[in-house]
Amino acid sequence: MSKVKDINERTLEKEKKDFTEFCKFAEGMLTAIMALIIVGAAALFIVIIMDNAMKNLTYSSSSKYTTAGGIFYGVYDLISMLCFAVALNFGVKAFKKLKDGETPFRYEIADKIKAAGIVLFATGFFSIAAGIVEGVLESTGVIVVTDSSLISIDLSIFMWGAVLFAVAYIFNYGCKLQQESDETL
Amino acid sequence: MEAKIERIKYSARLMMGLSGLMAVLMLIGCFACIAEAVINREFAVQAAKSAGNAADCAFYAATAFTALRLLGNIVSMGTPFGEKNDKLIKAIGIITLIQGFASPAVRASLLGILHADVTYTSNSALLFTGMIILFIAKIFSYGQILQQESDETL
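Bear in mind that the values here come from a model prediction, so they are computed numbers and not experimental data. (Residues numbered from 1 in each chain as written. Chains lettered and ligands numbered in written order. Predicted model: local features only at pLDDT ≥ 70, side-chain atom pairs only at ≥ 80, totals over all residues. Heavy atoms only, no water.)

*Asks:* Just to check I follow, could you spell out the interface of chain A and chain B for this structure?
*Replies:* Residue-level contacts link 28 residues of chain A with 25 residues of chain B. Our count for the contact surface shared by chain A and chain B stands at zero salt bridges. Our enumeration of links across chain A and chain B arrives at three residue pairs in polar contact (both at pLDDT 80 or more). The set of elements that each furnish at least two residues to the side of chain A that touches chain B consists of helix H1 (2–54), helix H2 (67–100) and helix H4 (156–184) of chain A. In terms of residue count, the dominant contributor to the side of chain A that touches chain B is H4 of chain A (15 residues). Tallied by class, residues from the side of chain A that touches chain B come to 19 nonpolar, six polar and three charged. (Contact = heavy atoms within 4.5 Å. Salt bridge = Lys/Arg side-chain N within 4 Å of Asp/Glu carboxyl O. Polar contact = N/O pair within 3.5 Å; in protein donor to acceptor, adjacent residues only side chain to side chain. Helix = DSSP H or I, 4+ residues; strand = E, 2+ residues; numbered from the N terminus. Nonpolar A, V, L, I, M, F, W, Y, C, P; charged D, E, K, R; others polar.)

This is the structure we're talking about:
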């Protein structure tokens, strides 16, 4: 009997170790992606400023649009990148908390997942708004797009936002079960 | 708690509709890509690309069908931590991981046979997503234990 108990304990310990290892890995991966996005955003910011100062040399040097268009698309890309960085930051925080605690079902983790979902939804709505503004600017002649629309509305962002909302809700339910379990003990 | 369960059931039903729609669309997409490959059989490179797209659609359809089963389980059992749910989530994770490796491999090997200029790169976004899904499956296994405890207490 004690041997079975010993094996169970060892299995649990191993599972917990694997869990912590994966949390560390995911946290590192997300941090690296976030850092890359931030570096990219900083580089883009410099390019936009240079573009404005040197007129049609860098970001808008493609034949597809004018300098005004270059700045518009540059700012759009910059805001999109920052939104993704914020969403990833919530992911990093969630994994950090997952790694540290005894149980994954904690309200603070559910809140972080929900916040990441909200940011993804906001990014999706922002791209829709930018698409509308692009249309208006193009029709008034402020920007000239020789190709078709350059802002693509990615519907998968909404799907990922919805999935994160669902996971957050399930985590909330898990928190209630955890609370019940702790109270029973 | 009852209200929470009702909301979970309602959301699961809504997502079942979306998953069902996605599964049907992906199946249609898969057949359309196969048809495109057959029509373009004389233009071998184009046909190989269509075959790769068909493989992608087939993987997405498999994911959507598994998600449909998972959501059906949630609706019928009234809890996200029902029996077998962790295994279904694990299956979705494994399908996503295989897709991340296999789908570009199908495309690259078909194009390689045709001596087209091609390099194999796995879909890293899908690989990472697959790993996160497998991780969620692990959390669900723990949730199942809690659910069992809760049911036994009641």
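Next comes the rest of the write-up.
*Asks:* Whenever I open this one, the nonpolar core confuses me. Can you help?
*Replies:* Considering soluble globular proteins, one finds that nonpolar side chains tend to be buried as a cluster. Within the largest apolar cluster, 43 residues are counted, with the highest numbers of intra-cluster contacts made by Phe95, Leu98, Phe105 and Phe171 of chain A together with Phe81, Phe135 and Ile139 of chain B. Of all the elements in the fold, those that place two or more residues in this core are H1, H2, helix H3 (107–139) and H4 of chain A together with helix H1 (2–39), helix H2 (44–77), helix H3 (85–113) and helix H4 (124–153) of chain B. In contact with phenylalanine 81 of chain B, not counting residues within four places along its chain, are Phe105, Ile170, Tyr173, Gly174 and Leu177 of chain A together with Phe140, Gly143, Gln144 and Gln147 of chain B. Core analysis: the next-biggest nonpolar cluster, separate from the first, contains five residues, Cys83, Ala87, Val119 and Leu120 of chain A among them. (Core = buried A, V, L, I, M, F, W, Y, C linked by side-chain atoms within 4.5 Å. Buried < 20%, exposed > 50% of the residue type's maximum accessible area, 1.4 Å probe, protein only.)

*Asks:* Before we go on, may I ask you to explain unusual backbone geometry in this structure?
*Replies:* Among all residues save glycine, negative phi is the norm, and among peptide bonds the norm is trans. Even without being glycine, lysine 84 of chain B reaches a positive phi, approximately 70 degrees. Within the secondary structure, lysine 84 of chain B is located in the loop between H2 and H3.

*Asks:* How should I be thinking about the packing of aromatic side chains in this particular structure?
*Replies:* Any two aromatic rings considered together are summarised by their centre-to-centre distance and by the angle between their planes. Taken as a whole and assessed by the stated rule, the structure comprises 13 aromatic pairs over all chains. Measuring from ring centre to ring centre gives 5.8 Å for phenylalanine 105 of chain A and tyrosine 142 of chain B, while their planes differ by 15 degrees; the resulting arrangement is stacked. Placement of phenylalanine 105 of chain A in the loop between H2 and H3 and of tyrosine 142 of chain B in helix H4 is noted, with the two residues assigned to different chains. A relative accessible area of 3% places phenylalanine 105 of chain A in the buried class. Its relative accessible area of 27% is what places tyrosine 142 of chain B among the partly exposed residues. Put simply, the rings of Phe105, Phe171 and Tyr173 of chain A together with Phe81, Phe140 and Tyr142 of chain B touch in pairs and so form one group of aromatic residues. (Phe/Tyr/Trp six-rings, centres within 6.5 Å; stacked < 30°, edge-to-face > 60°.)

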